[in-house]
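Observations on the three-dimensional arrangement
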Amino acid sequence: MHSRNEEGASRAAALTSEAGQAAEPARTLPFSKFWPVLAGAAVALVLRVAFSGMPGQRFSAMLGSFIYLAPALCGAVTVYVAERTQRRSWSYYFSAPLLSTSLFVLGTLLVYIEGLICAVIIIPMFALLGGLGGLVMGIVCRVTDWPRRALYSFAVLPLALGAIEPQFPNPEQLSATTRTVFIAAPPERVWQEINHATDIRPGEVGDAWAYRIGVPMPVAGVTEPTAEGLVRRVQWQKQVHFEELITEWEPARRIRWRYRFSPDSFPAGALDDHVVIGGHYFGLRDSAYTLNPRDGGTELRLDVSWRVSTRFNWYADPVARFLLGDFSEHILRFYKDRSEAAVAAAMSPGLGEN
């Protein structure tokens, strides 16, 4: 009898010990909360390396199969890895991929396979698509028993589509924007500044968003007569150069040109390959300045038209519209400041004595 009581007490003590151990919080590795985020970013970065094809070719990073599915894969991997340790909330499914896709884009910058311009432009879209991919994987984890197979599909689908997508042409979208400014200077003075802009300083145009994210700043733009007619030769920083062929010419009234780029217009590293002007995905079509005398000065209007040719024109075109609209406002302000400064200098006492 005494032996049975001791055996029961021993079993009770063992059960109590096991219960106490079960109640202890599970031990985790340092920084374990960040492993899902790191895993998602790492897998997407590997996919980016795979999509290193030339513009318009198989496995280009501008293909829709990469743009849409790489961030979705990043979000899906993040949620899948997180769900393997514990059930996560719906807000986690969306918010954690926002961090992992941002880390993924940062990683492309650190290993020099992406440029700052593309990174800044694409990160809002990637973050949204990554969050949606995380939500889809969260649903799969909650209502099915095949999350691993779904994850494999997330990984294989962009590779399969990236091999065949270039067979189908990209849709092309043409757009234009217009900006105006009043300049307290006669049309002749403004006309001179437009056709002979030299020694442009960064402080005169540098706060335009295009320049903030890495587009080289203008240095000069001068109209010259050539055998084929009037040509405006343009120079930017980083040895960028191109020509603007004049198609309309009304002195002190209107000038219009179309753009001509040569193979060496954009030296290596001057612009991201994906956003080279006149390239496979984006091009400037033409620009025009119209000068109208008004109220003792000049109303200067700038019209700019462009082309985008991507699988995500719905996103690329508004971005182009914003950047080119902002650029137009700043370049008009540049001509306003220079023209008004020239008029003020001409009216200054003693100018002719120098």
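These lines cover the structure that appears in this document, whether it is placed above or below. (Residues numbered from 1 in each chain as written. Predicted model: local features only at pLDDT ≥ 70, side-chain atom pairs only at ≥ 80, totals over all residues. Heavy atoms only, no water.)

Once that is clear, we can look at the pairing of strand E6 (residues 254-260). Pairing of strand E5 (residues 241-250) with E6 involves seven bridges; the strand directions are antiparallel. Bridge assignment links Trp249 to a residue of E6, and that residue is Ile255. Where E5 folds back on E6, the antiparallel hairpin that results is connected by three residues, among which Ala252 adopts a positive phi of roughly 60 degrees. Examined bridge by bridge, E6 and strand E7 (residues 282-294) share five bridges and lie antiparallel to one another. Looking at the pairing, Arg258 lines up with Asp286 of E7. (Pairing = 2+ DSSP bridges. Helix = DSSP H or I, 4+ residues; strand = E, 2+ residues; numbered from the N terminus.)

Our next topic: the pairing of strand E8 (residues 297-308). A large share of E8 lies buried, amounting to ten of its twelve residues. Bridging between strand E1 (residues 173-183) and E8 involves eleven bridges; their strand directions are antiparallel. Residue Phe182 lies in a different strand from E8, and its bridge partner there is Glu299. Two strands pair when backbone bridges link them, and E7 and E8 are joined in this way by twelve bridges, in the antiparallel orientation. In the sheet register, Asp286 faces E8, and the bridge partner there is Ser305. A loop of two residues connects E7 with E8, the two strands running antiparallel in sequence, and Asp295 in this loop sits at a positive phi of about 50 degrees. (Buried < 20%, exposed > 50% of the residue type's maximum accessible area, 1.4 Å probe, protein only.)

The next thing to look at is a nonpolar patch on the surface. Nonpolar side chains collect at one region of the surface, where Phe34, Trp35, Leu38, Leu103, Leu106, Leu110 and Val111 lie side by side and expose about 660 Å² of accessible area between them. Tallying contributions element by element places helix H5 (residues 90-110) first for the nonpolar patch, with three residues. In this fold, Leu38 is placed in helix H2 (residues 35-50). (Patch = residues over 30% accessible without salt bridge, like charges linked within 9 Å, V, L, I, M, F, W, Y side chains within 5 Å. Areas by Shrake-Rupley, 256 points an atom, 1.4 Å probe, with all protein chains shown as cover. Salt bridge = Lys/Arg side-chain N within 4 Å of Asp/Glu carboxyl O.)

Attention now moves to the sheet that holds E1. The sheet built from eight strands is open, its strands ordered E1-E8-E7-E6-E5-E4-E3-E2 with antiparallel pairing. Edge positions in the open sheet fall to E1 and strand E2 (196-197), since each of these has one partner strand only. Helix-sheet contacts for helix H11 (residues 313-347) involve E1, E2, strand E4 (229-236), E7 and E8, and the interaxial angle to E1 is about 25 degrees. (Contact = heavy atoms within 4.5 Å. Axes fitted to C-alpha atoms, helices over the stretch in contact; angles between N-to-C directions.)

Below, the discussion takes up the packing of helix H4 (residues 69-83) against H5. Put simply, H4 and H5 touch, their axes get as near as 8 Å, and they point 125 degrees apart. On the basis of their axis angle, the class for H4 and H5 is oblique. In the packing of H4 onto H5, the handedness of the crossing is right-handed. Contacts between H4 and H5 involve Pro71, Cys74, Gly75, Thr78, Val79, Ala82 and Glu83 from the former and Tyr92, Tyr93, Ala96, Pro97, Ser100, Thr101 and Phe104 from the latter. Looking at the contact of H4 with H5 residue by residue, the classes come out as nine nonpolar, four polar and one charged. (Parallel < 35°, antiparallel > 145°, perpendicular 65-115°, else oblique. Left-handed = near helix turned anticlockwise from the far one by under 90°. Nonpolar A, V, L, I, M, F, W, Y, C, P; charged D, E, K, R; others polar.)

Interpretation note: all reported values are geometric properties and have no functional meaning in isolation.
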